Amino acid sequence: MHKTIPINLAEMMENRMEKQEKTKYRLASSVKECMKTTPVDKITVKEIVEGAGVARQTFYRNFLDKYDLINWYFDKLVLACFQQIGVSHTVEESLTQKLVFLREEKVFSMGAFRSHDHNSLKEHDFELILGFYQELLAKRGSRPLEEDIRFLLEMYCQGSVYMTVK
């Protein structure tokens, strides 16, 4: 007779998610290593997976492309500080913390922000900042943004990205 082992589905899912998260960080570490010698636009998925010691299928199970990986890692670095705005941080404190993270991850930041691809970190950061301020303004106001205010907000957010890159 076989002994029945109770299976805790929640525990299995948690272990799987932890493993997947570790794999994502290994891929991020590999792309950061590649960035030391190669511009982002020239890094291949093959180089990333070889550096991480995973199969190509594993990469595509987790990310659409190298830019998706870069944007995921960026989110891990900076979104936590933005979630604290209005809770335990001011906007200024959160922006300062973002710049500290980017300075600490200098190789990654400089490499990622140099890309001009339409999926680049510059575009991703712009969308994050714009979304953040639109949500903040929506909470404070009762009507949609007027076209000229939206234009000014987009210009401000583009300038913010430009200054981050600079």
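Refer to the structure above for everything that follows.
**Q** Give a detailed account of the pattern of salt bridges, specifying residues and quantitative values.
**A** Counted according to the given criterion, the structure contains five salt bridges. Where Glu33 meets Lys36, a salt bridge forms, and the shortest distance between an N and an O atom there is 3.1 Å. Judged by relative accessible area, Glu33 falls into the partly exposed class, the value being 47%. Its salt-bridge partner being Arg150, residue Glu154 comes within 3.2 Å of it at the nearest N-O pair. On the criterion of helical spacing, the pair formed by Glu154 and Arg150 is a turn pair, its members being four residues apart in helix α8 (residues 147-165).

**Q** Tell me what's going on with the packing of aromatic side chains, and back it up with residues and numbers.
**A** Applying the stated rule across the entire model yields nine aromatic pairs. Plain terms: the ring middles of Tyr73 and Phe108 are 4.9 Å apart, the flat faces sit at 85° to each other, and that makes the pair edge-to-face. In this pair, Tyr73 sits in helix α4 (residues 66-82) while Phe108 sits in helix α6 (residues 106-113), placing the two residues 35 residues apart along the sequence. The pair formed by Tyr73 and Phe108 is uniform in burial state, with each residue classed as buried.

**Q** Explain the environment of His116 to me, and be specific about the residues and the numbers.
**A** With respect to the helices and strands, the residue His116 is situated in the loop between α6 and α7 (121-140). Taking relative accessible area as the criterion, His116 reaches 66% and is therefore assigned exposed. The sequence separation of His116 and Asp41 amounts to 75 residues, and the corresponding C-alpha distance is 8.0 Å. Discounting chain neighbours no more than four positions away, the residues touching His116 are Asp41 and Lys122. Polar side-chain contacts of His116 include one of 3.4 Å to the backbone oxygen of Arg114. A polar contact is formed between the side chain of His116 and the side chain of Lys122, at a distance of 3.0 Å.

**Q** So what's going on with α8? Residues and values would help.
**A** In an α-helix, one turn spans 3.6 residues; hence positions three or four apart end up facing the same way. Compared with the 27 Å implied by 1.5 Å per residue over 19 residues, the 27 Å span of α8 between its first and last C-alpha is a close match. Of the residues making up α8, those classed as buried are Leu153, Cys157, Ser160, Val161 and Thr164. All buried residues of α8 fall inside an arc of 95° around its axis, so they share one side. Exposed and oriented more than 90 degrees from the buried face of α8 are Glu147, Phe151, Tyr162 and Met163. Its buried side turned inward, α8 meets α5 (91-104), α6 and α7.

Cut-offs and rules
Residues numbered from 1 in each chain as written. Predicted model: local features only at pLDDT ≥ 70, side-chain atom pairs only at ≥ 80, totals over all residues. Heavy atoms only, no water. Salt bridge = Lys/Arg side-chain N within 4 Å of Asp/Glu carboxyl O. Buried < 20%, exposed > 50% of the residue type's maximum accessible area, 1.4 Å probe, protein only. Helix = DSSP H or I, 4+ residues; strand = E, 2+ residues; numbered from the N terminus. Phe/Tyr/Trp six-rings, centres within 6.5 Å; stacked < 30°, edge-to-face > 60°. Contact = heavy atoms within 4.5 Å. Polar contact = N/O pair within 3.5 Å; in protein donor to acceptor, adjacent residues only side chain to side chain. Expected span 1.5 Å × (residues − 1). Arc of directions from axis to C-beta.

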